[in-house]
Amino acid sequence: MISIPKGTKDMLPSEAVKWHYIEDTAKMVAAIFGFKEIRTPIFEHTELFLRGVGETTDIVNKEMYTFDDKGGRSMTLKPEGTAGVARAYIENMQGNATLPLKMFYFTPVFRYERPQSGRLREHHQFGVELYGADSYLADAEVIALAKNFFDEFGLKNLELNINSIGCSICRQKYHKALRDYLASNLNKMCGQCQTRFETNPLRILDCKEEKCKAITVGAPKITDFLCDECKAHFDGVKSALTAQGIAFKVNPMIVRGLDYYTRTVFEFVTTSIGAQGTVCGGGRYNNLVSEVGGKPTPAVGFGLGLERLLMVLENEHLLDEIIDDGIGFYIAPIGDKATSRALKLVTQLRNEGYSAECDLVGRSIKAQMKYADKISAGFVVVIGDSELESGQVIAKDMKCERQFIVPLDKFVESIEEQLDEYEANEHNCDCDCESDCENTEDCKCGCEDEKSCECGCESECDCNNAIKSCECGCEDEKQINSDNANKCDCDNSKDSNCECNKEQSKHNKNCTGGCNHEEE
RNA sequence: GUGGGUAUAGCGCAGGUGGUUAGCGCGCCAGGUUGUGGCCCUGGAGGCCGUGGGUUCGAGUCCCACUACUCACCCCA
């Protein structure tokens, strides 16, 4: 058997709803902030990442999926999303786009690393880029977008860390101070940090080795070396976040591993998925566009790991309610003649925009019912000889006991009509109707219950009796009493047109269809 | 690249000190009269016990190697 490549994951149909939910939420939030989608190729010229991400970074050094194409050009699968957008901006939009330009993307990202929990060789990111705004307001805008997105899910245990790593001028000053501080202890640090001392001393702060951590504890902080402009910018970011009610922590230790960052860097970190807790990372990169060949253009953005987000959401049980809708109609034919009639009905339903399916494997009626249940069919329609003869079928609601008698030749119109009517008359039931009025008047139905109605229906109380209209066809709602919820006192009760077949049904679940039967 | 853990049915797991036809739960399929789901009952399919060596009369079980997966470091989303 050929197995899936290391560090990759299949997205299975059973999980598709969750992905769609996350993506739809992201698109919605992006739209609210005025960001438009951009899609760029999954691979780029290797050169783009060498110059954009930086040749000294781990990502470029040892994690890229680089290959020569058949023309001998060196290509690389995107190791991050920002450089490709910068390239696309320069090639297509620079000079003619209205600034500030707001873009978002979804992209797979490839890095050759040892996989572990929350880290894959292929993962997916939702990313945001804001071009042409140098103000701290743009930094705050992008952070607010991420925050807003997380809030949509009700995420807990999430912390925003921010820092400023300054511009090239203040960073030079800082590097010097940092080197001076570390120099005396240089030989006590790990080999990697000794190399970093020369190439990028900032990264030493990020080292996880205990001996290095001990040395860096009292190290000078970059934030104390910011030039006046960078300092003002950072202060601006902080006050803008505060103004928007976004809590943050200044963490002088965060240093992103991509060379393009300038000034603001930030991370959203969660404690609920283990070691790899950074769900979103980003910052400002004013030098990136010019670095890859464009005119100097300020920019801010972030990348947000969707697999990690999914893990967080699942761990925090925030996706439990997200379930697949299932198929609308399942048509169960018995026999060949019925099958071709069923096919016709399925086609009609589909043409009207309803999801519908029909047996494809010649199963017995019982097996078809089981199948319909498994695929969460809304309604099942059995078609056999007697239905063909009478021209009428029964549409059975799989979630409760109600069913509708529907003429086959006008199925769609009739079922729509009956459902509308049902909704209009019976939406006071215990089912999941979405009404929620704030009617605080006392119940007028004559029951003793003084609670006010919680739904938006006409009835005023939420007691068991008055809300529900009599199903016998009489007009009198008040005659129903809670002791005898299935019948009203009127004379019509014997001819009740209740559709739930209470005599023969078992009612082993709560009826959600609006009939008054109590659970048995 | 460096460490630790694990590999038995589609999934989750049992299988003391080696011993005959390798089990359980869930899932899947089919039945429980003639045309109706969920619960329950019965039956069925499905395993070269990760791969390759070794020890032994005999290995799922013991030893070695390899591979895969997994967690952690590094780094990052």
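Residues numbered from 1 in each chain as written. Chains lettered and ligands numbered in written order. Predicted model: local features only at pLDDT ≥ 70, side-chain atom pairs only at ≥ 80, totals over all residues. Heavy atoms only, no water.

*Asks:* Requested: an account of the overall build of chain A, with residues and values cited.
*Replies:* Scanning chain A for helices and strands turns up 15 helices and 16 strands. For chain A, with 520 residues in total, the buried portion stands at 47%. Residue pairs at least 24 apart in sequence account for 63% of intrachain contacts in chain A once pairs closer than 6 positions are excluded. (Helix = DSSP H or I, 4+ residues; strand = E, 2+ residues; numbered from the N terminus. Buried < 20%, exposed > 50% of the residue type's maximum accessible area, 1.4 Å probe, protein only. Contact = heavy atoms within 4.5 Å.)

*Asks:* Account for the sheet that holds strand 8 (residues 249-250), with residues named and values stated.
*Replies:* The mixed open sheet is built from eight strands, whose spatial order is 1-5-6-11-10-9-7-8. Among the strands making up the open sheet, the edge pair consists of strand 1 (36-37) and strand 8. (Pairing = 2+ DSSP bridges.)

*Asks:* If you had to explain the sheet that holds strand 12 (residues 329-333) to someone new, which residues and values would you point to?
*Replies:* Strand order in this open sheet of five strands is 13-12-14-15-16, and the pairing throughout is mixed. Two strands lie at the open edges of the sheet, namely strand 13 (356-358) and strand 16 (403-407), each paired on one side alone. The mean angle between the axes of side-by-side strands here comes to 25°, regardless of whether they run parallel or antiparallel. As judged from the three bridges shared by strand 12 and strand 13, these two strands associate in the parallel manner. (Axes fitted to C-alpha atoms, helices over the stretch in contact; angles between N-to-C directions.)

*Asks:* Can you explain a positive patch on the surface? Please cite residues and give values.
*Replies:* On the surface, a cluster of positive charge is contributed by R363, K366, K370 and K374. Tracing the backbone shows R363 in the loop between strand 13 and helix 13 (365-374). You can call R363 partly exposed: its relative accessible area is 40%. (Patch = residues over 30% accessible without salt bridge, like charges linked within 9 Å, V, L, I, M, F, W, Y side chains within 5 Å. Areas by Shrake-Rupley, 256 points an atom, 1.4 Å probe, with all protein chains shown as cover. Salt bridge = Lys/Arg side-chain N within 4 Å of Asp/Glu carboxyl O. Lys, Arg positive; Asp, Glu negative; His and termini not counted. Charge placed at Lys NZ, Arg CZ, Asp CG, Glu CD.)

*Asks:* Would you mind going over the nonpolar core in detail, with residue names and values included?
*Replies:* Soluble, globular proteins show a tendency: their nonpolar side chains are buried together. Grouped together as the largest cluster of nonpolar side chains are 93 residues, with contacts concentrated most on F126, F149, F150, F302, L304 and L309. The greatest single-element share of this core, amounting to ten residues, is contributed by helix 5 (residues 136-153). In contact with F302, not counting residues within four places along its chain, are Y105, F126, G127, V128, V142, L145, A146, F266, C280, G281 and G282. Counting residues in hydrophobic clusters, the runner-up holds 21 residues, among them A342, F379, V381 and F404. (Core = buried A, V, L, I, M, F, W, Y, C linked by side-chain atoms within 4.5 Å.)

*Asks:* Please provide a residue-by-residue account of unusual backbone geometry, values included.
*Replies:* For the peptide bond that leads from L99 to P100, omega is -5°, which places it in the cis range. Within the chain, R263 stands out as a residue other than glycine whose phi angle is a positive 55°. Considering the arrangement of structural elements, one finds R263 in strand 9 (residues 262-270). With a relative accessible area of 12%, R263 lands in the buried category. Within the chain, H317 stands out as a residue other than glycine whose phi angle is a positive 55°. Among the structural elements, H317 can be located in the loop between helix 11 (306-315) and strand 12.

*Asks:* Explain the packing of helix 5 against helix 9 (residues 228-243) to me, using residue names and the numbers behind them.
*Replies:* It is at 8 Å that the axes of helix 5 and helix 9 come closest, and there the two elements cross at 40°. Between helix 5 and helix 9, the angle falls in the class oblique. Between helix 5 and helix 9 lies a crossing whose hand is right-handed. Residues Y136, L137, D139, A140 and I143 of helix 5 touch helix 9, and the partners they reach there are H233, G236, V237, A240 and L241. For the contact of helix 5 with helix 9, a count of residues per class yields seven nonpolar, two polar and one charged. (Parallel < 35°, antiparallel > 145°, perpendicular 65-115°, else oblique. Left-handed = near helix turned anticlockwise from the far one by under 90°. Nonpolar A, V, L, I, M, F, W, Y, C, P; charged D, E, K, R; others polar.)

*Asks:* So what about the pattern of salt bridges? Which residues, and what values?
*Replies:* Summed over the entire model, instances satisfying the criterion amount to 17 salt bridges. Here D58 ties to K62 by a salt bridge, and the two come within 3.9 Å at their closest N and O atoms. Residue D58 and its partner K62 are located together in helix 3 (residues 58-62), separated by four residues, close to a single helical turn. Among the residues examined, D58 registers a relative accessible area of 27% and is labelled partly exposed. Overall, the relative accessible area of 53% leaves K62 in the exposed class. For K102, the salt bridge goes to E141, with nearest N and O atoms at 2.8 Å. Taken together, the positions of K102 in strand 5 (residues 101-110) and E141 in helix 5 put the pair 39 residues apart, joining distant regions of the chain. On the basis of relative accessibility, which here comes to 23%, the residue K102 falls in the partly exposed class. The class of E141 is partly exposed, set by a relative accessible area of 23%. A network of salt bridges, in which partner residues are shared, links E44, R87 and E91.

*Asks:* How would you sum up the packing of aromatic side chains? Please name residues and give values.
*Replies:* The description of two aromatic rings rests on the distance between their centres and on the angle between their planes. For the coordinates displayed, the defined rule picks out 25 aromatic pairs. Ring geometry for Y21 versus F153: centroids 5.5 Å apart, planes at 85°, classification edge-to-face. Of this pair, Y21 sits in helix 1 (residues 16-32) while F153 is found in helix 5, placing the two residues 132 residues apart along the sequence. Centroid distance F329 to F411: 5.8 Å. Interplanar angle 80°. Geometry classified as edge-to-face. With a gap of 82 residues between them, F329 in strand 12 and F411 in helix 15 (residues 411-426) connect regions that are remote in the sequence. The two residues F329 and F411 agree in class, both being buried. Three or more aromatic residues joined by ring pairs make a cluster, and in this case those are Y21, F104, F106, F126, F149, F150, F153, F266, F268 and F302. The cationic tip of R121 hangs over the ring face of Y112; the distance from NZ or CZ to the ring centre is 3.9 Å. (Phe/Tyr/Trp six-rings, centres within 6.5 Å; stacked < 30°, edge-to-face > 60°. Lys NZ or Arg CZ within 6 Å of the ring centre and 35° of its normal.)

*Asks:* Before we move on, could you go through the side chain of N251 and cite the residues and values that matter?
*Replies:* Mapped onto the elements of the fold, N251 is located in the loop between strand 8 and strand 9. The class for N251 is buried, based on a relative accessible area of 18%. When neighbours within four sequence positions are excluded, N251 is seen to be in contact with N161, I162 and N163.

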